[in-house]
Amino acid sequence: MADPSSYRPKPGEIPDSPGVYKFRDEHRRVIYVGKAKNLRQRVANYFQDLANLHPRTRTMVTTAASVEWTVVSTEVEALQLEYSWIKEFDPRFNVKYRDDKSYPYLAVTLNEEFPRVQVMRGAKKKGVRYFGPYGHAWAIRETVDLMLRVFPVRTCSAGVFKNAERTGRPCLLGYIGKCSAPCVGRVTPEEHRELAEDFCAFMAGRTGTYIRRLEKDMAQAAEEMEYERAARLRDDAGALKRAMEKSAVVLADATDADLIAVAEDELEAALQIFHVRGGRVRGQRGWVTDKVEAVDTSGLVEHALQQLYGEERGDAVPKEVLVPALPEDPDAVSQWLTDRRGSQVSLRIPQRGDKKDLMATVQRNAQQALGLHKTKRASDLTTRSRALEEIAEALGLDAAPLRVECYDISHLQGDDVVASMVVFEDGLARKSEYRRFQIKGFEGQDDVRSMHEVIGRRFKRYLQEKERTGEGDEQPASDAPATEAAPPAAGPAPGSPETAEGPSAVGPVPGVPQAAGGPGALEGPAAPAGLTAPTAPTAPTAPEGPAATGPVPAPPLAPASPDDVAGPREEDGRPKRFAYPPQLVVVDGGQPQVAAAQRALDELGIHDIAVCGLAKRLEEVWLPDDDDPVVLPRSSEGLYLLQRIRDEAHRFAITYQRAKRAKRIRSSPLDDVSGLGETRKQALIKHFGSVKKLRQATIDQICEVPGIGRRTAESVAAALAATAPAAPAVNTATGEIIEEDDGGSS
């Protein structure tokens, strides 16, 4: 536990300007990000008597080892920079809203030639119009089924659409009038796009126009005694009205607004959002968060606004946002929302009328959500703590292992051998730090040798990071070179880890970081904290050698591959691949795998990390140098947690192994062409129809494909000529000549 006075900035070092500050721990990981109108006043508050601090704030400042700040021009810039850093660094002490499900949206793919209506989840895509979110996917399908009578837009997948084009026969919806069947040319692309745009306009709230038009056409058809057509138009209007009834009118003035309500207690907070468009509730969603920092309702609202609108632009940000409490600086937040929408956004507390009544409904939903969440998770925190304590007691550890890493090996009869590393912190999965490895140091099936290689590579990287950041005994931080060290030199790569489910990189952010206190707070000659760092890029120094921290291994560990030392290396606090050590390493296996992992750590001179293995057959826990396993009771929470961690490592490993095997099976001769990416490979296959026809094409014909130059065309022709089959394959049972696969690399 660090003493905050050890890294407290000196008086006068912190500017009194607006800015954003971040606290780092001893491993240089960012653990908290905040913003302030006056940096000097805000940061100084963290260094008062610990007894006067909120318990969560006290935990944060004693975990931290240094503090840095960045000065910005305006409070709006500070808000944007704070959001960018929270998203980039994922600090453990910042409020983060979480949800246990992905809400479905009604999406219209306007970026396609023939737009499609479908249910979509996950990240939003460019060129797709979204409506929602909805509580259930079936609610979307019911609405779409009603609206297809009036707006017969395509809903089929790309495969069904292409098959209909090939056969000249539409699907069932085309026969019953719920699809305009653009696949067989019943409507032109322009007519189908107009239908899709009308569908979007109706969903956006412009409902009266279409219903009035249908009723007018119905009356006209009745006057002309076209009663069948009039009846069909009557049913269409009825279908649209029923679709509208599924979202009741809550605000009479056709308001576009989001209403946000918060229910909280000392430990957690629940957030509910109602999306109102055209006066109707078009979607609803909810989040729950642990109050890991000292934050009031206004702070929770501000964090919610950042998470809700941080990635949105245009109409996705409503004209009005109604909240239970205004943020600390409502003008800055309102201006930030206005910038994202492109027009004025009103941020206020509803005081009377329908909006206040609707806010009360949203508040009741938030209270119910918090109550349900606490009922479901009442014992979760206690259970996780008990599980970690049971593991520590069973393995003879000094303290509960707050960070646990688990490794598993996966292969198919010795082919495509891979390994996985999963990370659990405080008993919960931290997927942003999952890693996966290819085993290339040897051929064949040898789980013990594979485990030895993986553990060695992972902790070699840890030692290199430790040495590079000045945490080792090589030199103090104040004597570190002024420029960032390059990665250590490495020998031939036996394999390379590939990041999976990792954090998304965020682009450069404005401002110049400044730092104070703590070992390794700045890589470079000792400089007064708070002074602006030079903005010119620094040239890398010569590579460092690998850390010599243990005896020479025999047989030696596989050298760290270039990929092992790639990735984010700058001293900006963003998550590094292998920079943080666990308190416990768990391997999937028995005594041989545990012995291999322990031997790898011993060869590197690492003696402060515990190792154990969990054998599948009897769920026994094996320790190094013990002839008998540790048997935990079947009802043990510790055993249950170890099983969850082991099963997650197995899932992650086998998923990667299957993906590698599928990629190898789908390999194409075009994969060997240097500089030819997936997009241009698909363009070649689409242009010629198959690899066989592409092989028969001349270089000039290949150059006709958009994006393919002559040099690339020559490389393609040479690669295909080198892999040309000597003779056609023949099915010996039937005598049939087997045509070459024309699927390319798809």
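Predicted model, so just to flag it, every value in this text is computed and none were measured.

What follows is about unusual backbone geometry. The residue Asp90 is not glycine, and still its phi comes out positive at about 50°. Counting through the fold element by element, Asp90 comes out in the loop between helix H3 (75–89) and strand E4 (105–108). Even without being a glycine, Asp625 presents a positive backbone phi close to 65°. The residue Asp625 is located in the loop between strand E20 (620–622) and helix H16 (637–665) in this model. What makes Asp625 exposed here is its relative accessible area of 76%.

Within the largest apolar cluster, 27 residues are counted, with the highest numbers of intra-cluster contacts made by Tyr407, Val454, Ile455, Phe459, Val585 and Ile606. Every element with two or more residues in this core is listed here: strand E12 (403–412), strand E13 (415–425), helix H14 (447–468), strand E18 (584–588), helix H15 (591–603) and strand E19 (610–615). The contacts of Val585, once residues within four sequence positions are left out, are Glu405, Tyr407, Ile455, Phe459, Ile609, Ala610, Val611 and Cys612. Counting 25 residues, the second largest nonpolar core, distinct from the first, contains Val95, Trp287, Val295 and Val333.

Below, the discussion takes up the packing of H14 against H15. Relative orientation of the contacting elements H14 and H15 amounts to 30°, with a least axis distance of 8 Å. H14 and H15 meet at a crossing whose hand is right-handed. For the pair H14 and H15, the contacting residues are Asp447, Val448, Met451, His452, Ile455, Gly456 and Phe459 in the first and Pro592, Gln593, Ala596, Ala597, Arg599, Ala600, Leu601 and Glu603 in the second. Grouping the constituent residues of the contact of H14 with H15 by class yields nine nonpolar, three polar and three charged.

Glancing now at the side chain of Thr338. Structurally, Thr338 is set in helix H11 (residues 330–341). Once residues within four sequence positions are removed from consideration, Thr338 is found in contact with Ser343, Gln344 and Val345.

Glancing now at the pattern of salt bridges. Side chains that carry opposite charge are capable of pairing whenever their charged atoms lie near each other. Counting across every chain of the model gives 28 salt bridges. Close ionic contact of Glu328 with Arg42 constitutes a salt bridge, the shortest N to O distance being 3.2 Å. Pair noted here: Glu328 is in the loop between strand E10 (320–322) and H11 and Arg42 is in helix H1 (residues 39–44), with a separation of 286 residues, a long-range link. Since its relative accessible area comes to 23%, Arg42 is described here as partly exposed. Beyond isolated ion pairs, a larger network of salt bridges with shared partners links Asp25, Arg29, Asp90, Arg403, Glu405, Glu425, Arg430, Glu433 and Arg458.

Moving on, we get to the sheet that holds strand E9 (residues 280–290). As summarised here, the arrangement of the five strands in space is E9-E8-E7-E10-E11, forming an open sheet in which the pairing is mixed. Since the sheet does not close on itself, it has two edges, and those belong to E9 and strand E11 (346–348), each with one partner. For this sheet the average axis-to-axis angle between neighbouring strands, irrespective of direction, equals 15°. The pairing of strand E7 (residues 257–264) with strand E8 (residues 268–277) spans eight bridges and is antiparallel. From the neighbouring strand, Ile260 faces E8, where its bridge partner is Ile273. Those strands touched by helix H10 (residues 297–309) are E7, E8, E9, E10 and E11, and its axis lies near 135° from that of E7.

With five of five residues buried, E18 lies mostly within the body of the structure. Where burial is concerned, the two faces of E18 agree: the one with Leu584, Val586 and Asp588 and the one with Val585 and Val587 are both buried. Where E12 meets E18, four bridges bridge the pair, whose relative direction is parallel. Bridge pairing links Val404 to Leu584 in E18. Here five bridges tie E18 to E19, and the two strands are oriented parallel to one another.

Inspection of the secondary structure puts His275 in strand E8. For His275, a relative accessible area of 7% translates into the label buried. Reaching out from His275, the side chain makes a polar contact with the side chain of Asp258 at a distance of 3.1 Å.

This part is about H14. For H14, which comprises 22 residues, the first-to-last C-alpha distance of 32 Å matches the rise-based estimate of 32 Å (1.5 Å per residue) to within 8%. For H14, the buried fraction is high: 17 of the 22 residues fall into the buried class.

Another point: the sheet that holds E4. Strand order in the open sheet made by the three strands is E5-E4-E6, with antiparallel pairing throughout. Whereas interior strands pair on both sides, the edge strands pair on one side only; in this sheet they are strand E5 (117–120) and strand E6 (129–131). Strand-to-strand, the axes of this sheet are offset by a mean angle of 30°, without reference to chain direction. Contacts between helix H7 (residues 189–203) and the sheet are confined to E4, E5 and E6, with E4 contributing the most and set at about 150° to the helix.

Compared with an ideal rise of 1.5 Å per residue, which puts 13 residues at 18 Å, H10 spans 18 Å between its outermost C-alpha atoms and is within 8% of the ideal. Most of H10 is tucked away, with 11 of its 13 residues classed as buried. Of the residues making up H10, those classed as buried are Ser298, Gly299, Leu300, Val301, Glu302, His303, Ala304, Leu305, Gln306, Leu308 and Tyr309.

So, about the packing of aromatic side chains. Applying the stated criterion across every chain, the model contains 14 aromatic pairs. Measuring from centroid to centroid gives 6.3 Å for Tyr21 and Tyr32, while their planes differ by 45°, and the two rings are tilted. Pair noted here: Tyr21 is in strand E1 (residues 19–24) and Tyr32 is in strand E2 (residues 30–36), with a separation of 11 residues, a long-range link. In this structure Tyr32 comes out as buried when scored by relative accessible area, which is 9%. When the ring centre of Tyr175 is taken as origin, the NZ or CZ atom of Arg186, which lies over that ring, is 6.0 Å away.

What follows covers the pairing of E12. A large share of E12 lies buried, amounting to eight of its 10 residues. Across nine bridges, E12 lies against E13 in antiparallel orientation. The residue of E13 that forms the bridge with Ile409 is Ala419. The hairpin turn running from E12 into E13, its antiparallel successor, is two residues long, and Gln413 in that turn takes a positive phi close to 55°.

On to a nonpolar patch on the surface, then. There is a patch of nonpolar side chains on the surface, built from Leu172, Tyr175 and Ile176 and spanning about 360 Å² of accessible area. Along the chain, Tyr175 turns up in helix H6 (residues 172–175). On the basis of relative accessible area, Tyr175 is assigned to the exposed category, the value being 52%.

Enumeration according to the criterion identifies zero disulfides in this entry. Just so you know, Cys406 is unpaired, no disulfide at all, and the nearest cysteine sulfur is the one on Cys612, 8.2 Å from it.

Scoring rules and cut-offs
- Residues numbered from 1 in each chain as written.
- Predicted model: local features only at pLDDT ≥ 70, side-chain atom pairs only at ≥ 80, totals over all residues.
- Heavy atoms only, no water.
- Helix = DSSP H or I, 4+ residues; strand = E, 2+ residues; numbered from the N terminus.
- Buried < 20%, exposed > 50% of the residue type's maximum accessible area, 1.4 Å probe, protein only.
- Core = buried A, V, L, I, M, F, W, Y, C linked by side-chain atoms within 4.5 Å.
- Contact = heavy atoms within 4.5 Å.
- Axes fitted to C-alpha atoms, helices over the stretch in contact; angles between N-to-C directions.
- Left-handed = near helix turned anticlockwise from the far one by under 90°.
- Nonpolar A, V, L, I, M, F, W, Y, C, P; charged D, E, K, R; others polar.
- Salt bridge = Lys/Arg side-chain N within 4 Å of Asp/Glu carboxyl O.
- Pairing = 2+ DSSP bridges.
- Polar contact = N/O pair within 3.5 Å; in protein donor to acceptor, adjacent residues only side chain to side chain.
- Expected span 1.5 Å × (residues − 1).
- Phe/Tyr/Trp six-rings, centres within 6.5 Å; stacked < 30°, edge-to-face > 60°.
- Lys NZ or Arg CZ within 6 Å of the ring centre and 35° of its normal.
- Patch = residues over 30% accessible without salt bridge, like charges linked within 9 Å, V, L, I, M, F, W, Y side chains within 5 Å.
- Areas by Shrake-Rupley, 256 points an atom, 1.4 Å probe, with all protein chains shown as cover.
- Disulfide = S-S within 2.5 Å.

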